[in-house]
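Observations on the model geometry
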Amino acid sequence: MPLEETLFHRINVLQKTFDVSTKDRREALVHEMEKLERQGVDCRQCRGVCCTFVANSMQTTVLETIDLLFYLRQENRLNPDLIKQLHQTVTHYRLDRIPGDGQRDYIRRTYTCPFFQGGPVGCSISRWAKPYGCLGFNPHSPRQTEGGDCTSHTVLLEQREALYFEEERCQNRKLQQQLGLFWTKLPMPLALLEVLQKLELPETKIEA
Ligand code: SF4
Ligand code: SF4
């Protein structure tokens, strides 16, 4: 099927009509992270516990999922190996079996993020495409190794959310309608699989 006729293309075109860009929505959080880095407060010596099953339960909205997905496609990382890894993460941590009432989950399950590479590399996702919650979680003192002095910058996260609330609500609603999705947030690997299933991208097909 020509690219112009695919749902992926329609989503791409739709995203270009949004007033607030992927970068705008992350700017304040990235600047805060950069400020900490200039002060020598960064994650380079840490084993990355916040990205593993020890502490990570990151969920993404449809919009955040699309941001991540477009980034992965641009980097040529959308392939059957990644899809298998996403499935394995979902199955291993039972991310598709979280009890809830359809509006909210009763529990949050932790999982090791499929984009976590361990060691000094840590996260393999650009800060301009990461979920907001990942960007807002930072150390507060140098040479953290186990995340003992790391927290979410809730004030900044709430300020960001308030600033873009209407725009993001509108963007999420349009994306949900286009994709035929009924959830607002899911654990990141599951959210990616759900969106990818709708987009039917040829490079992500797993041979039977
Ligand atoms: S996207 Fe990056 S920062 Fe966020 S949980 Fe995954 S590895 Fe960690
Ligand atoms: S935010 Fe904290 S726990 Fe997470 S990688 Fe950085 S130093 Fe480690």
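Fair warning: this is a prediction, and the values are worked out from it, not measured in the lab. Residues take numbers from 1 onward in each chain, read along the sequence in its written order. To read the labels, note that chains go from A and ligands from 1, taken in the order they are written. Two thresholds apply to this predicted model, a pLDDT of at least 70 for residue-level local features and 80 or more for giving and counting side-chain atom pairs, whereas whole-chain, interface and lining totals are computed over all residues. Working from all heavy atoms in the structure, the side-chain values ignore hydrogens and water.

**Let's talk about the nonpolar core**
So the rule is basically this: Residues belong to one nonpolar core when they are buried, are Ala, Val, Leu, Ile, Met, Phe, Trp, Tyr or Cys, and are joined through side-chain atoms within 4.5 Å. Each residue's exposure class comes from its accessible area (1.4 Å probe, protein chains only) as a fraction of the maximum for that residue type: buried when under 20%, exposed when over 50%, partly exposed otherwise. Secondary structure elements are taken from DSSP: a helix is a run of H or I of four residues or more, a strand is a run of E of two residues or more, and numbering for both begins at the N terminus. It only takes one pair of heavy atoms within 4.5 Å for two residues to be counted as in contact.
By size, the foremost hydrophobic cluster in this structure holds 48 residues, and its most contacted members are L69, F115, L179 and L199. Broken down by secondary-structure element, the contributors of at least two residues to this core are α1 (7-16), α2 (22-38), α3 (62-74), α4 (80-92), α5 (132-136), α6 (154-163), α7 (165-179) and α8 (188-199). In this structure, L179 is in contact with L7, I11, V62, I66, V195, K198 and L199, ignoring residues within four places of it in sequence.

**Details of the site of ligand 1**
Threshold: Being near a molecule or strand, for a residue, comes down to having at least one heavy atom within 4 Å of it. Nonpolar residues are Ala, Val, Leu, Ile, Met, Phe, Trp, Tyr, Cys and Pro. Charged residues are Asp, Glu, Lys and Arg, and all others, Gly as well, are polar.
For ligand 1, the full set of nearby residues is C51, N56, C113, F115, F116, C123, K130, C134 and M188. Broken down by class, the residue content of the shell around ligand 1 amounts to seven nonpolar, one polar and one charged.

**Some words on the pattern of salt bridges**
Definition in use: Salt-bridge detection follows one rule: a side-chain nitrogen of Lys or Arg within 4 Å of a carboxyl oxygen of Asp or Glu.
Scanning the model with the defined rule gives nine salt bridges in all. Two residues, R26 and D67, come together in a salt bridge whose shortest N-O distance is 3.0 Å. Within this pair, whereas R26 is found in helix α2, its partner D67 is found in helix α3, the two being separated by 41 residues in sequence. Between R73 and E203 there is a salt bridge; the shortest N-O distance is 2.8 Å. Of the two residues, R73 sits in helix α3 while E203 sits in the segment after α8, which places them 130 residues apart along the sequence. Here R73 falls in the partly exposed class, since its relative accessible area comes to 24%. Judged by relative accessible area, E203 falls into the partly exposed class, the value being 26%. Where salt bridges share partners, they join R25, R26 and D67 into one cluster.

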